[in-house]
Amino acid sequence: MGKLDGKVALVTGAGRGIGRGIALLMAQEGASVLVNDLGASLDGAGIDQGPAATVAREIEDLGGKAAKNTESVADYAAAEAMIQQAVDELGGLDIVVNCAGILRDRMIFNMSYDEWKPVLDVHLKGTFNICRWASVRFREQRYGRIINMTSNSALGAPGQPNYAAAKAGITGLTLTCANGLARYNVTANAIMPSGWTRMIDSIPRMVEQFKDQGKMPSEIAEGTEKDPKHVAPLATFLATEEAAHVNGHLFGSFGYNYVLMSQPKVIKTLRSEHRLSVDELVEWIPKAFSPELEEITSDPGVSQAIEALPDGEWFEVRPGIRYWGSRLEPYGELTW
Ligand SMILES: NC(=O)c1ccc[n+]([C@@H]2O[C@H](COP(=O)([O-])OP(=O)(O)OC[C@H]3O[C@@H](n4cnc5c(N)ncnc54)[C@H](O)[C@@H]3O)[C@@H](O)[C@H]2O)c1
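All of these numbers come straight from a predicted model, not from anything done at the bench.

(A) The arrangement of the domain arrangement of the protein in detail. As far as domains go, the protein holds domain 1 (8-260) and domain 2 (302-333). Using only C-alpha atoms to locate each centre, domain 1 and domain 2 end up separated by 28 Å. Facing 6 residues of domain 1, the contacting portion of domain 2 comprises 4 residues. Of the roughly 410 Å² buried between domain 1 and domain 2 on both sides combined, carbon and sulfur atoms contribute 67%. When the buried surface of domain 1 facing domain 2 is broken down by residue, Asn 152, Phe 254 and Asn 257 rank first, second and third, together holding 74% of it.

In structure tokens, the structure reads:
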């Protein structure tokens, strides 16, 4: 028995990388999968029917049921047609996973509108398009699962203003879907994924690091901690009936770590009985909001932060499985 028996999933950008891993695992767990992929190059140019067709075939070879779609998620009408295709060819739609993505990295002061817009179109508009049309069906049938890929880069990656804005937008969109659709038994969650795919091959630091090795990160990731397939179990969990109570959360998948991220919270407030003047703020803001005010926010490295967690703060729940929590007080009192 698979965890997704009888369900139908649409996975966008499923022809490669993280989306491919999710499509394959969801199929192994019993879902019929509509494999969407435009087959674009990393910067969004070009079309290739191959990636979607290959993954659909891989699913069928494993004994699963699949259909392929090679339209762009950035096309509003094509997104509506995708939902209809899932219904017509696979018998319904229960799960959407938004993985389609492109990059056009540039510092803000050099970014052209032609670098800004297509990235927003594929990530933010594309995720909206799929959520928009899927939610009509999910609301009618009183069931649905939305799983959106955001990114660590949304926390402030300096060379990715377009991508960071789109991914931060996807988080807002996901939380809105979670709140707006909860009454219809629909959940929406976002994942900050990771994995050595062609997206990682394009990072200048990686190009430098791998230039003498003859192979790029994506070519050596399989079977290692950097394998993009590691995102798939988390995405698949969020799609299960068992995850009905998990709604409106931001997760991370970093190597063998699955992470629950905090969401912005009030951490300090300065309150007075009148409107404070600028002079008063010059005096009081540093006093009231330090030391957090001095913290550097330009490093978005969640995986580095995980790596830096002290060994002694991890709690071994069973051999090979460890847990760390910021609110983990007396380890011994945890029940699992
Ligand atoms: N790889 C990482 O470490 C990482 C980190 C953070 C976020 N992400 C996000 O995860 C998702 C998957 O990334 P990946 O690393 O697997 O990338 P990838 O380039 O390997 O795969 C993305 C796929 O999306 C497809 N695509 C592009 N534009 C499309 C469109 N308009 N319509 C349909 N399909 C389209 C591409 O053809 C490609 O096959 C993306 O949203 C990415 O932003 C990845």
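(B) Inspection of the nonpolar core at higher detail. Within the largest apolar cluster, 34 residues are counted, with the highest numbers of intra-cluster contacts made by Ile 22, Met 26 and Ile 147. Put simply, the parts of the chain that give this core at least two residues each are strand E1 (8-12), helix H1 (17-28), strand E2 (32-36), helix H2 (50-61), strand E4 (95-98), strand E5 (144-149) and helix H9 (231-239). Broken down by element, this core gets its largest block of residues, 7 residues, from H1. Here Ile 22 is in contact with Val 11, Val 97, Cys 99, Met 149, Val 231, Ala 232 and Ala 235, once residues within four sequence places are set aside. Within the second largest apolar cluster, 32 residues are counted, among which are Ala 67, Cys 131, Cys 177 and Ala 188.

(C) Geometry of the packing of H1 against H9. Orientation of H1 relative to H9, taken along the N-to-C sense of each, is 55 degrees, at an axis distance of 8 Å. Regarding the angle of H1 to H9, the classification is oblique. Handedness of the H1/H9 crossing: right-handed. Contacts from Ile 18, Gly 21, Ile 22, Leu 25 and Met 26 in H1 reach Val 231, Ala 232, Pro 233, Ala 235, Thr 236 and Ala 239 in H9. Residue composition of the contact of H1 with H9, grouped by class: 9 nonpolar, 2 polar and no charged.

(D) Layout of the site of the ligand. As a matter of local geometry, the ligand sits amid 30 residues, with Ile 18, Asp 37, Tyr 163, Thr 197 and Arg 198 nearest to it. Within the backbone of Val 73, one N or O atom sits 3.1 Å away from a nitrogen atom of the ligand. Between the ligand and Thr 197, the relevant distance is 2.5 Å, taken from an oxygen atom to a side-chain nitrogen or oxygen of the residue. Coverage of the ligand by the protein amounts to 97% of the 830 Å² it exposes when considered alone. Of all the secondary-structure elements, those providing two or more residues to the shell around the ligand are H1, helix H4 (113-141), helix H5 (161-181) and helix H6 (198-201). Broken down by element, the residue count for the shell around the ligand peaks at 3 residues, all from H6. Split into classes, the residues belonging to the shell around the ligand amount to 13 nonpolar, 12 polar and 5 charged.

(E) Highlighting the packing of H1 against H2. At a closest axis distance of 10 Å, the pairing of H1 and H2 adopts a crossing angle of 25 degrees. As far as their axial angle goes, H2 and H1 are roughly parallel. The way H1 lies across H2 gives a crossing that is right-handed. Counted together, Arg 20, Ala 23, Leu 24 and Ala 27 of H1 and Val 55, Glu 58 and Ile 59 of H2 form the full contact between these two elements. Here the residues of the contact of H1 with H2 sort into 5 nonpolar, no polar and 2 charged.

Scoring rules and cut-offs
Residues numbered from 1 in each chain as written. Predicted model: local features only at pLDDT ≥ 70, side-chain atom pairs only at ≥ 80, totals over all residues. Heavy atoms only, no water. Domains from an automatic or database assignment. Contact = heavy atoms within 4.5 Å. Buried area = accessible area lost by both parts, 1.4 Å probe. Core = buried A, V, L, I, M, F, W, Y, C linked by side-chain atoms within 4.5 Å. Buried < 20%, exposed > 50% of the residue type's maximum accessible area, 1.4 Å probe, protein only. Helix = DSSP H or I, 4+ residues; strand = E, 2+ residues; numbered from the N terminus. Axes fitted to C-alpha atoms, helices over the stretch in contact; angles between N-to-C directions. Parallel < 35°, antiparallel > 145°, perpendicular 65-115°, else oblique. Left-handed = near helix turned anticlockwise from the far one by under 90°. Nonpolar A, V, L, I, M, F, W, Y, C, P; charged D, E, K, R; others polar. Near = heavy atom within 4 Å. Polar contact = N/O pair within 3.5 Å; in protein donor to acceptor, adjacent residues only side chain to side chain. Areas by Shrake-Rupley, 256 points an atom, 1.4 Å probe, with all protein chains shown as cover.

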